[in-house]
Amino acid sequence: MADTERVTLRTRTDADADVLYRIASDLDDWEQRSPRPPAPLTREAYLARLAAGAEGPDAPVQFVVDLDGDAVGSVSLFDIDLLARHAEVGIALSPAARGRGIGTAALRQLIEFAFVRDNLRRVHLQVLASNAAAIRSYEKCGFVTEGRRREHAWVRGSYEDIIVMGLLRADWDSSRP
Ligand SMILES: CC(C)(COP(=O)(O)OP(=O)(O)OC[C@H]1O[C@@H](n2cnc3c(N)ncnc32)[C@H](O)[C@@H]1OP(=O)(O)O)[C@@H](O)C(=O)NCCC(=O)NCCS
């Protein structure tokens with residue numbers, strides 16, 4: 001079976017902590033994943049961050065990306081606006097899982113969850129202009145470019161643009177088979 005057909009989203013368990021911590025603390029691709037200043041991240045600080053704000057109606061919706069029972073990354077909806085019914089999307093896979101269609105498959109499932117289960121009407125995200133693989137994956141899921149924040153990010157010695165992308169439920173609905 002193709003990798004993409006074996007991808008599921010599920011609840012995080014304690015057994016996933018090592019994989020997720022390794023992804024979150026990897027300084028090599030930090031700026032692609034996070035707007036926070038790069039810095040060594042302890043396991044304790046990472047776990048505390050995950051636990052913070054985990055409850056409540058507008059708490060982040062965080063899934064583990066699962067491939068054959070193993071965690072290979074995470075996808076989430078955060079900054080959920082219950083009034084205007086939108087949320088920001090985040091995704092990160094472990095290096096070995098990238099470039100195999102897994103991210104696109106996981107995102108498609110997260111988008112369906114956002115629109116069908118959580119009754120959101122719009123999802124959006126921000127991505128470094130140089131992150132071509134991520135942008136391609138987002139376009140395949142139906143995201144369109146909504147704007148460009150010029151020189152918004154500091155990445156390894158120079159400023160870089162951030163692309164803002166969004167997807168409306170109405171457009172997603174009309175593009176479904
Ligand atoms: C971004 C990410 C989630 C994408 O998931 P993925 O599983 O690697 O992506 P997919 O394999 O599903 O799709 C990537 C697409 O980009 C294409 N691609 C890869 N490198 C590319 C490049 N340099 N230029 C253009 N397209 C590229 C692939 O060919 C593929 O398109 P295709 O299916 O039409 O051939 C994953 O790479 C990741 O976790 N990266 C590190 C963290 C990150 O950048 N997160 C996003 C923050 S905004």
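Above this text is the structure in question.
Summary of the structure given here. Note that the structure is predicted; figures quoted are calculated from it, not measured.

**Concerning the pairing of strand E4 (residues 86-93)**
Extensive coverage of E4 is indicated by the burial of six of its eight residues. The pairing of strand E3 (residues 70-81) with E4 spans seven bridges and is classified as antiparallel. Looking across to E4, one finds that Leu77 is bridged to Val89. Connecting the antiparallel pair E3 and E4 is a turn made up of four residues, with Arg85 showing a positive phi of about 60°.

**Here we look at the nonpolar core**
Membership of the largest hydrophobic core comes to 35 residues, with the highest contact counts inside it found for Val65, Leu77, Val123 and Phe143. Of all the elements in the fold, those that place two or more residues in this core are strand E1 (7-10), strand E2 (61-67), E3, E4, helix H4 (102-117), strand E5 (122-128), helix H5 (132-140) and strand E7 (158-168). It is H4 that provides the largest number of residues to this core, a total of eight residues. Beyond its immediate sequence surroundings of up to four residues, Leu77 is in contact with Pro60, Val61, Ala87, Glu88, Val89, Leu110, Ala114, Asp118, Leu120 and Val123. Formed by nine residues, the second largest nonpolar core is a distinct cluster that contains Ala24, Leu50, Val64 and Ala71.

**Describing the side chain of Ser76**
With respect to the helices and strands, the residue Ser76 is situated in strand E3. Here Ser76 falls in the buried class, since its relative accessible area comes to 16%. Each residue touching Ser76, except ones within four places of it in the same chain, is listed here: Val61, Gln62, Glu88, Val89, Gly90 and Leu110.

**Notes on the packing of aromatic side chains**
For the coordinates displayed, the defined rule picks out five aromatic pairs. Aromatic pair Trp154 and Tyr159: ring centres 4.7 Å apart, planes at 65°, arrangement edge-to-face.

**Here we look at the sheet that holds E2**
An order of E1-E2-E3-E4-E5-E7-E6 is seen for the seven strands of this open sheet, with the pairing classed as mixed. Each edge of the open sheet carries a strand with a single partner, namely E1 and strand E6 (144-155). Shown here is a sheet whose adjacent strand axes are inclined to one another by a mean of 25°, direction ignored. With eight bridges connecting them, E6 and E7 associate as antiparallel partners. The residue of E7 that forms the bridge with Arg148 is Ile163. Packed onto the sheet, H4 meets E1, E2, E3, E4, E5 and E7 and runs at close to 45° relative to E1.

Rules and cut-offs
Residues numbered from 1 in each chain as written. Predicted model: local features only at pLDDT ≥ 70, side-chain atom pairs only at ≥ 80, totals over all residues. Heavy atoms only, no water. Buried < 20%, exposed > 50% of the residue type's maximum accessible area, 1.4 Å probe, protein only. Helix = DSSP H or I, 4+ residues; strand = E, 2+ residues; numbered from the N terminus. Pairing = 2+ DSSP bridges. Core = buried A, V, L, I, M, F, W, Y, C linked by side-chain atoms within 4.5 Å. Contact = heavy atoms within 4.5 Å. Phe/Tyr/Trp six-rings, centres within 6.5 Å; stacked < 30°, edge-to-face > 60°. Axes fitted to C-alpha atoms, helices over the stretch in contact; angles between N-to-C directions.

Distances and angles like these do not, on their own, reveal function.
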